[in-house]
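# Examining the three-dimensional arrangement
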Amino acid sequence: MGSLGVLRNTTMVCVPLMRHSVEQMVGDMYQAKIEGADLVELRLDCLKEFNPQRDLQTLLRNKPLPVAVVYRPKWEGGLYDGDENSRLEALLLAKDLGAEYVDFELQVASDIMEKHNLNHRKNCKIIVSCFVDGITSLKEDLSHLVTRMQSTGADLIKLVTNATDITELSRIFHLLSHCQVPLIAYSTGERGLISQLLGPKFGGVFVYGSIEGNQVPGLPSLASLREAYGVENIDADTKVFGLISKPVSHSKGPILHNPTFRHVGFNGVYVPMFVDDLKQFFNVYESPDFAGYSVGIPYKEAVMEFCDEVHPLAQSIGAVNTIVKRHSDGKLVGYNTDCEASITAIEDALKARGLVNGEALLPSPITGKQFVLVGAGGAGRALSFGAKSRGASVTVFDIDYERAKALALAVSGEAIPFEALSNFQPEKGAVLANATPIGMHPNKDRIPVSEETLRDYSVVFDAVYTPRKTTLLKDAEAAGVITVSGVEMFLRQAVGQFNLFTGGKAPEEFMREIVLSKF
Ligand SMILES: O=C1C[C@@](O)(C(=O)O)C[C@@H](O)[C@@H]1O
């Protein structure tokens, strides 16, 4: 792997090393360099049997990259619980031995800076850090806290929080854009991930990533920072797009949309957004920087009420999977790209097998067929409206029978109680479409219907795309049935989204290549 290249922003990519032995840490430093990191963070508190004189010499003499030395005490969330003076002495020693950055916690920073005259040192920069356990419960104003950290004489300030909601991150973005001193600020956990990924946009000094084979929980890999997110290309003008979903980490959207943006020279970044509360989310992220969204589980229907306008197709389906913030007036406009994506994926698979629906030259290979849909949520609604538009008759199953009935009514189909699904006998040549998360990673082994009935269908489609070949598709294939993977729908809906996000024409072949090679 090569270097991350010349950063368009000033953000540096840092790898925290939390190994137990000095040898492993040295090895990881080299690995980090190979993978393109700009610096590493040495977490001394993770070392077992740490001998400051001996080990710091070894670490700092062998460093292939600049280092930030951290010796985190238990009282600040680290592992060290020994004598405080020994801890601080080790940090001072690291400074004398040539560490480029040394990290002192806010609680001790002023004293130590004054006592050791650290304001006047040469090569080593002082990071003053603070962990905030819950931004919202913080008694002090965040900017006041930053001012306090700044007044210690720090060269860099590091503020880490554990966001419990994505909306809290907007305060971090605000701080990053307004702070007078170089600031590292991010939130941990799945809900905090975008504070890392968007750091370069708002002026964050470091973005943290982990090296291959030594994944630090909650941190993106260096490879994904570079290949998926392209952090080196993000700047203040970068438009932010994201997948609003819960859960969200399963999505392959980032590895498809980001390289495609770069391929056509569009200055955008696409990130996973773990959203708990749609209303709060849209209230907080109203700036034009947040330019558009994909919408995933479980929000495709609920999100409609937050759109200022909804495209007629999405309106009739009752589900939105794409939102664009219109340039001219900032209004949120909702669309549905799932519908055509899923139906054309099924149609094309049938056409490719020569199944053109008899001699009658009907408009679609599914015209007149029974379309058995499992799952009446957002994706299911899109599928059934698509099926209806092609003249198929829709049979709906959902664990929520009322929901199934409502959808059946909307597409002039029939709803059948879920319990009947395992013994359900479809019409000859019927289409089976799974639009539930059954079979999705990590519950990969489950299928929504009984295996014995699979051979009765002419084609089986699964909207789940992680894994690419679900158990349902494997079983259907084994039963000799044509299968259509959710990956095909995923690709097609993303093509539609790309067009809406950028106002341009998606490079479909390029996107297909990514899907074939990376999914
Ligand atoms: O259903 C899906 C999948 C998706 O939610 C994802 O997981 O990336 C993205 C949505 O746009 C799409 O409609």
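Residue numbers run consecutively from 1 along every chain, following the written order of its sequence. Two thresholds apply to this predicted model, a pLDDT of at least 70 for residue-level local features and 80 or more for giving and counting side-chain atom pairs, whereas whole-chain, interface and lining totals are computed over all residues. Note that water and hydrogens are dropped before the side-chain values are worked out from all heavy atoms of the structure.

### Topic: the overall build of the protein chain
Summing up its helical and strand segments, the protein chain has 18 helices and 20 strands in all. Projected onto its principal axes, the C-alpha positions of the protein chain cover 90 × 50 × 40 Å. The rule is simple: take the accessible area with a 1.4 Å probe, protein chains only, and divide by the maximum for that residue type; under 20% is buried, over 50% is exposed, in between is partly exposed. The buried share of the protein chain, taken over its 519 residues, is 58%. Two residues qualify as a contact provided that any one of their heavy atoms is within 4.5 Å of a heavy atom in the partner residue. Long-range contacts, defined as pairs at least 24 residues apart, comprise 68% of the intrachain contacts of the protein chain with a sequence gap of at least 6. Per element, the accessible surface of the protein chain, about 21900 Å² overall, is 50% carbon and sulfur. Numbered from the N terminus, helices here are DSSP runs of H or I no shorter than four residues, and strands are runs of E no shorter than two. Only the protein chains shown count as covering a residue, and every accessible area follows the Shrake-Rupley method with a 1.4 Å probe.

### Some details on the nonpolar core
What makes a nonpolar core is a set of buried Ala, Val, Leu, Ile, Met, Phe, Trp, Tyr and Cys residues whose side-chain atoms join them at distances within 4.5 Å. By size, the foremost hydrophobic cluster in this structure holds 96 residues, and its most contacted members are Leu 42, Phe 104 and Met 273. When residues no more than four places from it in sequence are discounted, the contact partners of Phe 104 are Leu 88, Leu 91, Leu 92, Ala 109, Ile 112, Leu 118, Ile 126, Ile 127, Val 128 and Ser 129.

### Concerning the site of the ligand
Only heavy atoms are used to decide nearness, and a residue is near a molecule or strand if one of them lies within 4 Å of it. Contacts to the ligand come from 13 residues, most closely from Ser 251, Lys 300, Asp 338, Gln 493 and Gln 497. His 250 has a polar side-chain atom sitting 3.5 Å from an oxygen atom of the ligand. Here a polar contact means two N or O atoms within 3.5 Å. Within protein one must be a hydrogen donor candidate and the other an acceptor candidate, and residues neighboring in sequence count only if both atoms are side-chain atoms. Between the ligand and the protein, one listed contact pairs an oxygen atom with a side-chain N or O atom of Gln 493 at 2.9 Å. Expressed as a share of its isolated accessible area of 320 Å², the protein-covered part of the ligand is 90%. Secondary structure elements with two or more residues in the shell around the ligand: β11 (290-295) and α17 (486-502). If one sorts the elements of the shell around the ligand by residue count, α17 sits on top with three residues. Here the nonpolar group is Ala, Val, Leu, Ile, Met, Phe, Trp, Tyr, Cys and Pro; Asp, Glu, Lys and Arg are the charged ones; every other residue, Gly included, is treated as polar. Considered class by class, the residues forming the shell around the ligand number four nonpolar, seven polar and two charged.

### So, helix α18 (residues 508-518)
Where α18 is concerned, the buried positions are Met 511, Ile 514 and Val 515. Looking straight down α18, one finds its buried side chains confined to an arc of 95 degrees; they lie on one side. Counted as exposed and oriented over 90 degrees from the buried face of α18: Glu 509, Glu 513, Leu 516 and Ser 517. Looking at the buried residues of α18, the elements they touch are α10 (253-263) and α17. To obtain the arc, one takes the directions from the helix axis to the C-beta atoms.

### Points about the sheet that holds strand β6 (residues 156-161)
Strands are treated as partners if at least two bridges between them are detected by DSSP. With respect to topology, eight strands assemble into an open sheet ordered β7-β6-β5-β4-β3-β2-β1-β8, the strand pairing being parallel. Because the sheet does not close on itself, it has two edges, and the strands there are β7 (183-187) and β8 (206-208). On average, each strand axis in the sheet is inclined to that of its neighbour by 25 degrees, with strand direction left out of account. Sheet topology places strand β1 (residues 12-17) next to β8; three bridges connect them, and they run parallel. Its bridge partner being in β8, Met 12 is matched across the sheet by Phe 206. Every angle, taken between N-to-C directions, lies between 0 and 180 degrees, and every axis is a line fitted to C-alpha atoms, over only the stretch in contact when it is a helix. Across the sheet, helix α1 (residues 22-34) lies against β1, β2 (39-43) and β3 (67-70), angled at about 160 degrees from β2, the strand it touches most.

### Observations regarding the packing of aromatic side chains
Two rings from Phe, Tyr or Trp (for Trp, the six-membered ring) form a pair when their centres are within 6.5 Å of each other. A pair whose planes differ by under 30 degrees is stacked, one over 60 is edge-to-face, and the rest are tilted. Overall, the coordinates contain 21 aromatic pairs when judged by the stated rule. Judged by centre distance (5.1 Å) and plane angle (50 degrees), the ring pair of Tyr 186 and Tyr 208 falls under tilted. Of this pair, Tyr 186 sits in strand β7 while Tyr 208 sits in strand β8; the two residues are 22 residues apart in sequence, bridging distant segments of the chain. Residue classification places Tyr 208 among the buried positions, given a relative accessible area of 2%. With a centroid separation of 5.2 Å and 70 degrees between ring planes, the pair formed by Phe 397 and Phe 424 is classed as edge-to-face.

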